[in-house]
Amino acid sequence: MRRLVLLGGGHAHLHLLTEMAREPMPGVQAVLATAYARQIHSDMLPGWMAGHYTLPQCAIALEPLARAAKVELALSGAVTLDAGERTVTLADGRVAEYDVLSIDTESVLDREAIPGAREHGLFLRPIEHFVQLYERLLALPGDRLLNLVVIGGDAAGFEISLALQQRFNGHGLERARVCLVTGGGTVLPGFGAALRERALRVLRRARITVFSQRCTEIGSGVVMLDNGARLACDVPLLTLPAVVPPWLRDSALARDEQGFVSIGETLQSTSHDEVFATGDVASGGEREPARNGVFALRAGPALAMNLRRKLAGGPLQPWRPRRQSPTLLACGERRAIASWGQWSAQGRWAWALKDWIGRRFVARYAEPAVPGAALATSAERGGDPAP
Ligand SMILES: Cc1cc2nc3c(=O)[nH]c(=O)nc-3n(C[C@H](O)[C@H](O)[C@H](O)COP(=O)(O)OP(=O)(O)OC[C@H]3O[C@@H](n4cnc5c(N)ncnc54)[C@H](O)[C@@H]3O)c2cc1C
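In this text the structure is predicted, and so the values were computed from the model without any measurement. (Residues numbered from 1 in each chain as written. Predicted model: local features only at pLDDT ≥ 70, side-chain atom pairs only at ≥ 80, totals over all residues. Heavy atoms only, no water.)

**Quick notes on the packing of aromatic side chains**
Working step 1: Evaluation of the coordinates by the stated rule reveals 5 aromatic pairs.
Working step 2: Relative to Trp 351, the ring of Tyr 53 lies with its centre 6.1 Å away and its plane at 25°, an arrangement referred to as stacked. Here Tyr 53 is found in the loop between helix H2 (45-50) and helix H3 (55-58), whereas its partner Trp 351 is found in helix H11 (residues 348-366), with 298 residues between them in sequence. By the burial criterion, Tyr 53 is buried, and Trp 351 matches it.
Working step 3: Between the aromatic rings of Phe 361 and Tyr 365, the centroid separation amounts to 5.1 Å while the plane-to-plane angle is 70°, which identifies the pairing as edge-to-face. Separated by 4 residues within a single helix, Phe 361 and Tyr 365 lie in helix H11, roughly one turn from each other.
Working step 4: By relative accessible area, Tyr 365 is classed as buried at 5%. (Phe/Tyr/Trp six-rings, centres within 6.5 Å; stacked < 30°, edge-to-face > 60°. Helix = DSSP H or I, 4+ residues; strand = E, 2+ residues; numbered from the N terminus. Buried < 20%, exposed > 50% of the residue type's maximum accessible area, 1.4 Å probe, protein only.)

**Some thoughts on helix H10 (residues 293-312)**
Working step 1: Taking 1.5 Å of rise per residue, 20 residues should cover 28 Å, and H10 covers 29 Å from first to last C-alpha, within 8% of that figure.
Working step 2: Of all 20 residues making up H10, 15 are buried, and the element is well covered by its neighbours.
Working step 3: Capping of H10 at its N-terminal end is provided by Asn 292; its side-chain oxygen lies 3.2 Å from the backbone amide nitrogen of Val 294. (Expected span 1.5 Å × (residues − 1). Polar contact = N/O pair within 3.5 Å; in protein donor to acceptor, adjacent residues only side chain to side chain.)

**As for the packing of helix H1 (residues 11-22) against H10**
Working step 1: Between H1 and H10, the least distance of the axes is 7 Å, while the angle of their chain directions is 40°. By the angle between their directions, the pair H1 and H10 is classed as oblique. Viewed along their axes, H1 and H10 form a crossing whose handedness is right-handed. When H1 is examined against H10, the residues His 11, Ala 12, His 13, His 15, Leu 16, Glu 19 and Met 20 are found in contact with a partner set consisting of Gly 293, Ala 296, Leu 297, Ala 299, Gly 300, Pro 301, Leu 303, Ala 304, Leu 307 and Arg 308. (Axes fitted to C-alpha atoms, helices over the stretch in contact; angles between N-to-C directions. Parallel < 35°, antiparallel > 145°, perpendicular 65-115°, else oblique. Left-handed = near helix turned anticlockwise from the far one by under 90°. Contact = heavy atoms within 4.5 Å.)

**Comments concerning unusual backbone geometry**
Working step 1: With omega at -5°, the peptide bond leading from Arg 125 into Pro 126 counts as cis.
Working step 2: Among the structural elements, Pro 126 can be located in the loop between strand S11 (122-123) and helix H6 (127-138).
Working step 3: Of note, His 171 is a non-glycine position whose phi angle comes to about 50°, a positive value.
Working step 4: Owing to a relative accessible area of 77%, His 171 belongs among the exposed residues under this scheme.
Working step 5: Even without glycine at this site, Leu 267 takes up a positive phi of about 75°.
Working step 6: When you line up the elements, Leu 267 lands in the loop between strand S20 (261-263) and strand S21 (275-277).
Working step 7: For Leu 267, a relative accessible area of 1% gives the class buried.

**Some points on the domain arrangement of the chain**
For an interface, size is often stated in terms of accessible area lost upon the parts coming together.
Working step 1: Domain boundaries assigned for the chain yield domain 1 (2-107 + 244-325) and domain 2 (109-238).
Working step 2: On a C-alpha basis, the centroid separation for the pair domain 1 and domain 2 is 30 Å.
Working step 3: At the interface, 15 residues of domain 1 touch 16 residues of domain 2.
Working step 4: Counting each side, the surface lost to burial between domain 1 and domain 2 is near 1,500 Å², with a carbon and sulfur contribution of 66%.
Working step 5: When the buried area of domain 1 at its contact with domain 2 is split by residue, Tyr 36, Trp 48 and Met 49 rank highest and sum to 40% of it.
Working step 6: One can count 2 salt bridges joining domain 1 with domain 2.
Working step 7: Arg 125 is the partner of Glu 106 in a salt bridge, and the nearest nitrogen-oxygen pair spans 2.8 Å.
Working step 8: Summed over the shared surface of domain 1 and domain 2, the number is 6 residue pairs in polar contact (both at pLDDT 80 or more).
Working step 9: When contributions to the side of domain 1 that touches domain 2 are tallied by element, the ones reaching two or more residues are strand S3 (38-40) and H2.
Working step 10: Among the elements that take part in the side of domain 1 that touches domain 2, H2 stands out by supplying 5 residues, more than any other.
Working step 11: Among the residues forming the side of domain 1 that touches domain 2, the class breakdown is 8 nonpolar, 4 polar and 3 charged. (Domains from an automatic or database assignment. Buried area = accessible area lost by both parts, 1.4 Å probe. Salt bridge = Lys/Arg side-chain N within 4 Å of Asp/Glu carboxyl O. Nonpolar A, V, L, I, M, F, W, Y, C, P; charged D, E, K, R; others polar.)

Below you can see the structure in the form of structure tokens.
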């Protein structure tokens, strides 16, 4: 028996499990070790925050997928990876030995990046923790105006600012003042100038105050900026650039200069060819610099094929995804911005498309996999068809 360990229930692993249910891997004993029993679909998180969805509508249960794939499920996250010994230690103390390892765990937010963030900040990841804390925020008494400050001007920061505005101030409510601190630059860095302008107009129209400064410190009731400004803040919500978790940092796997796991075209680690990595924690090969779910899901079919071949001793195939992917940004109320390259547009139709894609993605993985059934593709995350 060859031992396959899958870490994390991320996008590529969702595809892999569905694929394994349709076509089992003979002679392979597989374990999925993952931190949480469900996968909350991040595309739909801003919609949930805004009040458009219930949490079950955004969640994929991992146990039925693992059962259908005949993969043992260990509900415990990795805390140590010894790539030399080929072992993974889980939070519950179990040690999983592997012949082949596939990593599709999420990136984490650096809690030390801003002094005071660890003590006072509400971090967007892990999403499972975030949703519990957000529910507590919603339950705060509405007897005074709350100051909510979103720190991080990336796509997630943009979407959650507008979601907060909709939830706390939509439908005639007036429960919060929402600010967005973009961190020493404009909103949506990495996107085209026209889209950034469009995004700023949307934020302005929603009456969200945007500060382009960097946040230097977070204290009790205050957020400090690098121009000396002090913003009154009851709850700072943080979406900072992603980093890899300590257990990956401390493994012997080769990593790029930012710390992400270095992979080649076949999705294998450049230092340990029995280790595969996909999604936000991986870097290299043909991947584009952006870390997003479309790209993570696109890796699924190639990962499934190469794991199968590696376990059977066959030749692996390079993965060459399309570099560009469309973006759909939720704008709080039931509107969204759609963009592709330099093109962008916005409206209710874009929200309807995002809503349809999100619901369909979750529904796909809620259905039991049966032999011959079509698999979800990245088109169902707003991406192009999988290779
Ligand atoms: C608010 C928000 C909105 C977003 N919207 C979009 C969007 O509209 N479109 C888009 O393409 N991207 C979007 N993204 C980005 C997208 O969420 C990520 O790029 C994507 O989730 C990365 O997928 P992944 O497969 O790497 O990991 P994930 O899908 O994040 O899955 C990680 C898995 O690893 C598990 N795990 C975590 N730690 C451990 C551990 N130590 N051991 C084992 N398992 C572990 C988790 O439980 C989870 O199952 C959004 C992100 C956020 C925060």
